[in-house]
Amino acid sequence: MSANERAPGWNPPIRILMGPGPSDIHPRVLAALARPTVGHLDPFYLQLMDDLQQKLRQIFRTENRMTFAVSGTGSAGMEAAVVNLIEPADRMVVCVKGVFGQRMADVARRAGADLLCVERPWGSVFQPEDLLPALERHRPKVVGIVMAETSTGASQPLVEIAKLVHDHQALLLVDAVTSLGGMPVEVDRWGLDVVYSGSQKCLGCPPGLAPITFGPAAMELIQRRKSPVASWYLDVRLLSSYWGSERAYHHTAPINMTYALHEALALILEEGLDARFARHLRHHRALKAGLAALGIDYAVEPSYQLPMLNAVRVPAGVDEGAVRRALLERFGIEIGGGLGEFRGKVWRIGVMGYSAREANVLGLLAALEQLLPEFGYSKFDKGASIAAANQVYVEALK
Ligand SMILES: *Cc1c(COP(=O)(O)O)cnc(C)c1O
């Protein structure tokens, strides 16, 4: 049986996950999931929670006390951030340049926000001046923005926007679902008020937990709320009595998922954040060089390309879904298709966490070299993509 075939029963096939998440899981993280389950108030587990919080603070680069993991995926982190900060009729601005900005706007509307969306074309990012009129006109309490827009592959700079938002007495809420663990996210240094992420992208853990951090200004705003948070499950004041010293039961924590996230964070800190960011960049550069040799372009201009999510244009005339199916069936490689405006037009190739490895990048390029001519596209020199990627790796070793 080849690695890609399924054994009888419900044994999952072995895949190479190079889509927009989940990413490949390191064997140590998978092994952590299978450790004995303890109770959610067991002294062992409480110590593990403390250590998890400490590790999360290091990875978010923050001193924020209220740093923990929401039980739920990245979208639960988004919902937790929004519903805790926003009371009905509170003014909020959401920056929309792709699917996840749209989702944040939807969450804000459902939370009863008096919402103003500022939009930029898909594949672009916001400059501070794009936000200024909305800040002056709408006087928001909170501004929400996506740092790594996974639907377009665009990397949103945050430093100047954070300053501008604070100059207008608003708080900045940041989606770092795809960026955390793959590129610098400097919560304290950049002055980000609330930041959430998800376990299954660059953190390299299965989906199911959403790391989140609330800064002092955000906690103060939450303490001053006049109405209770509309979500009981995601109410950070209730959650803080479980994650804090009281240890009051709120909901049963996902124990084994916490083991997995803890192990994934330990791997990150063993590697070192800077080395990890450099690794993501190296594989992005190798992939990009290989794709260029195939004549495949990015959907985002070079200065704003994310390292971990490569949104590239499907060559004209190629059936993008058929290529993805063949990649999966014949090579066990998963890449993503386009969402929303980019549906049918782009492939989204992830090099996230444990997926960011030579074997994956070289394997994908080799598979594309083999498949693309079958699907009617052969305007490239055979072997050139592998050579170009290898060139990047060789230079990086010097
Ligand atoms: C994946 C993603 C989400 C949603 O996370 P889920 O884990 O799918 O709920 C939110 N924002 C961004 C930028 C994402 O990439």
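Along each chain, numbering runs from 1 in the same order as the chain's sequence is written. Where local features are concerned, this predicted model is filtered to residues with pLDDT of at least 70; where side-chain atom pairs are given and counted, the filter is 80 or more; whole-chain, interface and lining totals use all residues. By convention in this description, side-chain values take in all heavy atoms of the structure and omit both hydrogens and water.

Asks: Residues and numbers for the pattern of salt bridges, please.
Replies: One side-chain nitrogen of Lys or Arg within 4 Å of one carboxyl oxygen of Asp or Glu is enough to make a salt bridge. On inspection of all chains with the given rule, the structure shows 18 salt bridges. Where arginine 247 meets aspartate 50, a salt bridge forms, and the shortest distance between an N and an O atom there is 2.7 Å. Of this pair, arginine 247 sits in the loop between helix H9 (236–243) and helix H10 (255–271) while aspartate 50 is found in helix H2 (residues 43–60), placing the two residues 197 residues apart along the sequence. Between aspartate 51 and lysine 55 there is a salt bridge, with its nearest N and O atoms 2.5 Å apart. With aspartate 51 and lysine 55 both in helix H2 and 4 residues apart, this pair spans about one turn of that helix. Several salt bridges share partner residues, and in doing so they unite Arg28, Arg35, Glu263 and Glu270 into one network. Helix numbering and strand numbering both begin at the N terminus, where a helix is a DSSP run of H or I of at least 4 residues and a strand a DSSP run of E of at least 2.

Asks: Can you break down the sheet that holds strand E5 (residues 142–146) residue by residue, with the values?
Replies: Between any two strands, at least two bridges found by DSSP are needed for them to pair. If you walk across this open sheet you meet the 7 strands as E2-E10-E9-E8-E5-E3-E4, and the pairing is mixed. Because the sheet does not close on itself, it has two edges, and the strands there are strand E2 (66–71) and strand E4 (114–119). Taking each pair of neighbouring strands and ignoring which way they run, the sheet shows an average axis angle of 20°. Note on definitions: a residue-residue contact is assigned when non-hydrogen atoms from the two residues lie within 4.5 Å. Axis lines are fitted through C-alpha atoms, for helices just across the contact stretch, and the angle between N-to-C directions can take any value from 0 to 180 degrees. The strands touched by helix H3 (residues 74–85) within the sheet are E2, strand E3 (91–96), E5, strand E8 (171–175), strand E9 (194–196) and strand E10 (209–214), with E10 carrying the most contacts at an inclination of about 30°. Each of E5 and E8 touches helix H6 (residues 159–167); the most contacted strand, E8, lies at about 145° to it.

Asks: Could you give an account of the sheet that holds strand E11 (residues 309–313), with specific residues and numbers?
Replies: Reading across the sheet, the 3 strands line up as E11-E14-E13 and stay open at both edges, with antiparallel pairing between neighbours. With one partner strand each, in any of the chains shown, E11 and strand E13 (336–337) form the two edges of the open sheet. Alignment of E13 against strand E14 (residues 346–350), held across 2 bridges, turns out to be antiparallel. The residue bridging glycine 336 from the neighbouring strand is arginine 348, located in E14.

Asks: Could you give an account of the pairing of E10, with specific residues and numbers?
Replies: Note on classification: 1.4 Å probe, protein chains only; a residue is buried when its accessible area is under 20% of the maximum for its type, exposed when over 50%, partly exposed between these limits. Most of E10 is tucked away: 6 of the 6 residues are buried. Burial along E10 is two-sided: Leu209, Pro211 and Thr213 and Ala210, Ile212 and Phe214, pointing in opposite directions, are all buried. As paired elements, E2 and E10 share 6 bridges and run antiparallel to each other. By the bridge assignment for E10, phenylalanine 68 is matched with isoleucine 212.

Asks: Explain unusual backbone geometry to me, using residue names and the numbers behind them.
Replies: Residues apart from glycine generally show negative phi values, whereas peptide bonds are mostly found in trans. Backbone torsion omega between glycine 21 and proline 22 reads 5°, so that peptide bond is classified as cis. Along the chain, proline 22 falls in the loop between strand E1 (16–17) and helix H1 (27–33).

Asks: Go over the domain arrangement of the protein chain with me, naming the residues and quoting the values.
Replies: Here the bounds of each domain stem from an automatic or database domain assignment. When the domains of the protein chain are assigned, the result is domain 1 (27–269) and domain 2 (272–397). Centre-to-centre separation of domain 1 and domain 2, based on C-alpha positions: 29 Å. With 29 residues of domain 1 at the contact, the number on the domain 2 side is 23 residues. Surface buried jointly by domain 1 and domain 2 totals about 2200 Å² across both partners, of which 67% is contributed by carbon and sulfur atoms. Summed over both partners, the accessible area lost on bringing two parts together, with a 1.4 Å probe, is the buried area. It is Trp122, Gly153 and Ile268 in domain 1 that bury the most area against domain 2; as a group they hold 23% of the surface buried on that side. Counting across the domain 1 and domain 2 interface gives 1 salt bridge. Across the salt bridge formed by aspartate 274 and arginine 61, the nearest N and O atoms sit 3.5 Å from each other.

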